[in-house]
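Architecture at a glance
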Amino acid sequence: MKRYLALMILAGVLVLIVLNLPGEGQKPGGEGPEAKGKAAGFSLPRRQTTLTFVERKGKTLYDFYCVLCHGATGNGDGFNSFNLTQQPAKLADPHLLAKLSDAQIMAVVKKGGAALGLSSQMPSWGSLFKDQDITSLIAYVRTLSKPGGE
Amino acid sequence: MRTDARDLLFQNRFWKSFVRKEIPVNQWLRTKILGLGLINFYLFVILTITGILLMFYYTPDTERAYQGIKDLEYVASFGLIFRNMHRYAAYLMLISVFLHMSRVFFTAEYREPREFNWVTGFVLFLCTAVMAITGYILPWDQKGYWAMTITSNVVTSAPVIGEKLKYLILGGNEVGQNALVHAYGMHVKIMPLIIGLVMGVHFWRIRKDDFLAWAVWGGHLDFKEGETPPAPQGPEQGPSLWQDIIVRELSKFLLILALVMGISLLFNAPLEEGANPSVTPSPVKAPWFLVGMQELLSWGAPFFFGVLVPNVMIVLIILIPYMDRGREGIGVWFHPSRRLANILFTAVVTVYLGLIIVGQFLRGPGWVFYWPWQSWPIH
Amino acid sequence: MALLVLLLFIGQLWKNSNPSYLAYQKQFKSLLIQKAAQKSKDPEFRFGVRQRWIEKLKKTDRCETCHLGMEDPRFQNALQPFRSHPDVGGHDFEKFGCTVCHGGQGLATSRNDAHGPVENWNQAIYHQAFMENSCGLCHGEFIQDQAPVLARGRTAFQEHGCRGCHLVRGKERIIVGPPLDRMTQRVKSDWLYRWILNPKAYLPKTKMPNPKFSPQQAADVAAVLFQGGKSLEVKVGQPTAEGKKTFLDSRCVSCHSLEGKGGILGPELSKISSKMVPDRLIRIIKNPHELWAASQMPIYGFSDQEILKIVDYLVGEYIDLELDESQAAAQARMVQAGNKLRGKELIEKQGCTGCHTQIEGVKDRGEIGLEMTAIGAIHISHLDFGRIRVAPQDRTVPNWLYNKMKNSRLFKTDLKMPDYAFGDREAEAVTTYLLGLKGQEVPAAFSLPLGVKPSSFAPQGKFGRVVDKYRCFTCHKILGRGGEMATDLTQEGSRVHRAWLEKFMKAPDTIRPILVERMPPFKIQASEIETLYTFFEAALVDDRVENLTGTIKENALRDPALIQQGKNLYHQKYACQACHQINHQGGLIGPDLTKVGDRLRIEWILYYLRNPKAFVKRSVEPAFKLADKEIEAMAAFLVSSK
């Protein structure tokens, strides 16, 4: 009898504690049975891009300065490219990019096409960009030649 | 060997000094109770120790209290465990104090000569409730803040002194820094002192009143005025049996400790967002042990339900031993002669428990009744 | 038994004293050891919580406990949580911490608790899309380039007239929609009905949201608007070739769109005859400011005959081919039979006065929407998700706002807020802006307003009147005020020759051939040109340019050797023809440089070659560092071009 009673009380105590735990938070408001949730149009903000922060900074620069000649996807087909005597470099070409080191790209951006013996229609941007900017630009340009694009 | 070690530990004057005269140990071992009173003491010990440890990281400042709790949770070693232990030991204590009181009632052990002890015991019960209330607000989270708002509003329904009483409790007109400091002072300094003193009296009375009635009277159901307890019968208490009691009590302590620790390891003590006076949760509920009162109050007539009924109940409960002078059935569970009293008590307890259940689980925003399967509206 | 229990829970205590961050820290330590492989000594690493206490901002950030590589450049390409933080120039962690920009629970040291939302901390780390919202806290209202999403959101908030219904303390309430008085004199009733029912069906780029009325409700509202006054009946003739020529020569497409192509400042014209009554068309072309003072359309100065011919052409040519005549007639009847009382109730209830003024019989009730001053700091419990089931970890304020922008009636259908149906990008931008409205101030040590405040330049007198008549600010910027469709005229006095300006104003041709937008040929009078040039010469000059007067002699500029040198520089060294055209040869990015000497003053050319970024910072032109001699040669060449 004693043991039975003791156990009962213990059980009761435990039950009370466990029941008490969720307490007021049991019913967060408004979860009715008729809701369809995501199907009804609730969407989460999408991740902007798979680019890293540095690459995104480079993309901002690219989309303003470079895209006019080199094209949005780096195929050398920007709208101004047809007015040039030489087609701008196809930055999306993996073979081309593989042959160029970061230092070489930095040189051509800083000093213009003449730095690599290319056409001077590629201007020198050295006085406009800081080294940091060019680094982020290079990081972005390298993603253009990766499969799957952005 | 084992006997020798235990002899050494327990057969000495220290343990024996707890009793005034030799107690029939064998009968004690056969009593049909859990020993909830001592369990309460163990819980009190746990609470005190964990409380002191928590005190080292807590500041009763409205800007730092919540942070302190978070620091305990994330930074202080074992901070989370101790906080959980403190919280759950407190809940367990409230329950076990209540159960202890019920047990004493059902076995009619408040009768002569133990009437005064019933009073001290009930005072301890009230002190426990006060500790729980003051402790509730200390984390300064939404739950505690608004619970204090509700609680302090209840006292305003007292006649004449209502508003002043609220001002006294809060140290101001609204729940704020002063209220926190008051609560902290009460919880950490004043109440433990009072509890310590009253507990001392309680234990002294227990000793003086020869502990458990059943153990003393050995199951004799009637006793006449002036009679002395019969001589002990059965196998005599020997040195080896005294240790059993001590060991049993100590293992009960460990059991309680294990229980509290186990729960604290599995479940985190509830904590809501930091107190934000501009965001009122809906519904605002008092702590679970008081939510029955809140439910009662929601029926209207704040003075009647908020002041009159509780106070009358308290006075009545205190006076129980002085009203009930019967002699039969002391120390026996549910003696038939006490059927009426037992039923009455059970009824009152059930009603109060029912109020708690309704208030805690079946009330939603605006204090509207909701079945558990119904969903609550937002605004 | 007791011993067993004791051992059990001591063991559990031990187990539980392993916080989750310890695993990350051990991982990091091993990475550190790897990176320092060359050195003989093991790197020093202390286990434990790492914290930055930003006292002034009242924030405690323990993020570094797991994000250990935050400040270590060697971890640039590591996986999270060890990746180093990208350089954000000047926001060092000691001063700012982490959560002031990123949000989340800085106090926590476990992943879920720190990133949020958890039960007792609803603010989660901001999604990448909304990251820029915290910039405005210190940097104020006007940052553009450094926080483009925030800037876009702010512009959208202004342009869509959100402030008309939603109070934001400290911002002026500007009503962005046109006034709606005397609608009978403006539009046709069936068009009005169709427009109210679905504005985007007529004009996809309109800023007016869809009020989501039922057909009957739309008719009622149209009935209210369509009361009072009748329009003049105008006899419309057949479209003529002359009218067409005048219309096309006037370059209306610079501001108006035709079938989606053209400018966005004015309404779409391809179905204009189904919308406007001819009388109104005439009056608009004659004097757009009479009917709407805030109109951005200039007064061309056409003669009445010309206007009639234009209107004949418009009415005859730009008809709505998909419009069914009988349907239109039925809709007109619906409007006529509409219940004005119900319509008036609807207008008041739905808050049309948040964007439109002068609705007859309807009083403006002010801002009827939720106050936005501190919407970024609102508590999630105030936001109603309605019947949409959302997982707890997605139940955050940014997500609610984002979805609300995409579909304002998603959470509850019978709302007053009309449906703006922003696309993904715009919704992100507006949400970012709203999240930045936290109603909080930062300590002065942190506040660093950036960007340029809107200019309050409001020219008066004769110049002011000319500028007002032709609405120059619609396209041009002068001293910070105005639009960006055309040149910034702030230094125009230093830039152009008077003779050229006079010729240009009478018959504008193009300076940038690639652009669709052209300056319209106003019937500007000689006296008006005089007023303009006087002001340009007196006020819109720059001393840096003026000081170059006389630094180069006329003869020097005519020296053939110098010219030849300049030509070589132009074509070979600097390859200017990659972007500029001379005599139809060259690139299309920069302005046409044919006979540029007639247009630009020599001082301007000299100064510009020295420092092209002096006046227009956001141009694609690279900044070549030309030597003085090179500048002279180049100038000589340019001026000599024929």
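What you see is a predicted model, and the numbers here were worked out from it, not measured in a lab. (Residues numbered from 1 in each chain as written. Chains lettered and ligands numbered in written order. Predicted model: local features only at pLDDT ≥ 70, side-chain atom pairs only at ≥ 80, totals over all residues. Heavy atoms only, no water.)

**Remarks on the overall build of chain C**
Heads up, the rule is: Counting from the N terminus, the helices are the DSSP runs of H or I reaching at least four residues and the strands are the DSSP runs of E reaching at least two. Each residue gets one of three labels from its accessible area relative to the maximum for its type: buried under 20%, exposed over 50%, partly exposed in between, using a 1.4 Å probe on protein chains only. In this analysis, two residues are considered to be in contact whenever any of their non-hydrogen atoms come within 4.5 Å of each other. Methods summary: accessible areas were calculated by the Shrake-Rupley approach with a probe of 1.4 Å, and residue burial reflects only the protein chains presented.
Secondary structure summary: chain C contains 29 helices and eight strands in total. Counting only C-alpha atoms, chain C reaches 110 × 80 × 40 Å along its principal axes. Sorting the 642 residues of chain C into buried and exposed places 49% on the buried side. In chain C, the proportion of contacts linking residues at least 24 apart, taken out of those at least 6 apart, comes to 62%. Summed over all atoms, the accessible surface of chain C reaches about 33500 Å², with 55% contributed by carbon and sulfur.

**Some thoughts on the pattern of salt bridges**
Inclusion rule: Any carboxyl oxygen of Asp or Glu within 4 Å of a side-chain nitrogen of Lys or Arg constitutes a salt bridge here.
A complete count under the given rule lists 42 salt bridges over all chains for this structure. Of the charged contacts in the structure, one is a salt bridge between Asp131 of chain A and Lys110 of chain A, with a shortest N-O distance of 3.0 Å. You can see Asp131 of chain A sitting in helix α5 (residues 131–144) and its partner Lys110 of chain A sitting in helix α4 (residues 102–111), a full 21 residues away along the chain. Take Asp131 of chain A: its relative accessible area is 41%, and that puts it in the partly exposed class. By relative accessible area, which is 31% here, Lys110 of chain A ends up partly exposed. A salt bridge links Asp419 of chain C to Lys212 of chain C; the nearest nitrogen and oxygen atoms lie 3.0 Å apart. Taken together, the residues span a long stretch of sequence, with Asp419 of chain C in the loop between α18 (397–406) and α19 (424–436) and Lys212 of chain C in the loop between α9 (199–202) and α10 (215–225) at a distance of 207 residues. Overlapping salt bridges, with partners in common, bring together Arg46 of chain A together with Lys406, Asp424 and Glu428 of chain C in one network.

**Quick notes on the interface of chain C and chain B**
Applied cut-off: Summed over both partners, buried area is the accessible surface (1.4 Å probe) that two parts give up on being assembled. Contacts described as polar in this section are N or O atom pairs within 3.5 Å, which, within protein, must combine one atom able to donate a hydrogen with one able to accept it, while residues neighboring in sequence count only if both atoms come from side chains. Residue polarity follows a fixed list, in which Ala, Val, Leu, Ile, Met, Phe, Trp, Tyr, Cys and Pro are nonpolar, Asp, Glu, Lys and Arg are charged, and the others, Gly among them, are polar.
Tallying the contact residues gives 28 residues for chain C and 22 residues for chain B. Together, the buried faces of chain C and chain B total about 2300 Å²; carbon and sulfur atoms form 62% of this surface. Three residues, Phe9, Leu13 and Asn120 of chain C, lead the burial of chain C against chain B; their summed loss comes to 23% of the area buried on that side. Scanning the region where chain C abuts chain B turns up one salt bridge. Counting across the interface, chain C meets chain B through ten residue pairs in polar contact (both at pLDDT 80 or more). Looking at side-chain class alone, the side of chain C that touches chain B contains eleven nonpolar, twelve polar and five charged residues.

**A short note on the environment of Asn153 of chain B**
Residues and elements named next belong to chain B. With respect to the helices and strands, Asn153 occurs in helix α8 (residues 142–154). Sequence separation between Asn153 and Glu163 is ten residues; the distance between their C-alpha atoms is 8.7 Å. A polar atom in the side chain of Asn153 sits 3.0 Å from the side chain of Lys166.

**Considerations on helix α26 (residues 560–573) of chain C**
Residues and elements named next belong to chain C. Under the convention used in this document: One fewer than the residue count of a helix, multiplied by 1.5 Å, yields its expected span. To obtain the arc, one takes the directions from the helix axis to the C-beta atoms.
Here α26 contains 14 residues, and its C-alpha end-to-end distance of 19 Å stays within 8% of the 20 Å for a straight helix at 1.5 Å per residue. Among all positions of α26, only Leu562, Ile563, Gly566, Leu569 and Tyr570 are buried. The arc enclosing the buried residues of α26, seen along the axis, measures out at 120 degrees, which places them on a common side. For α26, the exposed residues lying more than 90 degrees away from the buried face are Pro560, Ala561 and Gln572.

**Overview of the domain arrangement of chain C**
All names here are of chain C. Put simply, the rule reads: Start and end points for every domain follow an automatic or database-based domain assignment.
Under the domain assignment used here, chain C contains domain 1 (2–125), domain 2 (148–166 + 373–446), domain 3 (183–354), domain 4 (461–541) and domain 5 (554–640). Of note, the centres of domain 2 and domain 3, computed from C-alpha atoms alone, are 32 Å apart. In this assembly, domain 2 packs against domain 3 so that about 940 Å² is buried in total across both faces, 53% of it on carbon and sulfur atoms. The largest share of the area that domain 2 buries against domain 3 comes from Arg409, Lys416 and Asp419, three residues that together contribute 45% of it. Counting across the interface, domain 2 meets domain 3 through two salt bridges.

**Concerning the interface of chain C and chain A**
Facing 45 residues of chain C, the contacting portion of chain A comprises 39 residues. Overall, the association of chain C and chain A removes approximately 3500 Å² of surface from exposure, summing both partners, and the carbon and sulfur fraction of that is 55%. Interface area lost by chain C to chain A is led by Gln128, Arg389 and Val620 of chain C, which between them contribute 19%. Taken together, the connections running from chain C to chain A amount to two salt bridges. Across the pair Glu428 of chain C and Arg46 of chain A runs a salt bridge whose closest N-O atoms are separated by 3.8 Å. At the surface where chain C touches chain A, the tally comes to eight residue pairs in polar contact (both at pLDDT 80 or more). For the side of chain C that touches chain A, the secondary structure elements donating two or more residues are α18, α19 and α26 of chain C. Take the side of chain C that touches chain A: its biggest share by element is four residues, from α18 of chain C. Grouping the constituent residues of the side of chain C that touches chain A by class yields 21 nonpolar, ten polar and 14 charged.

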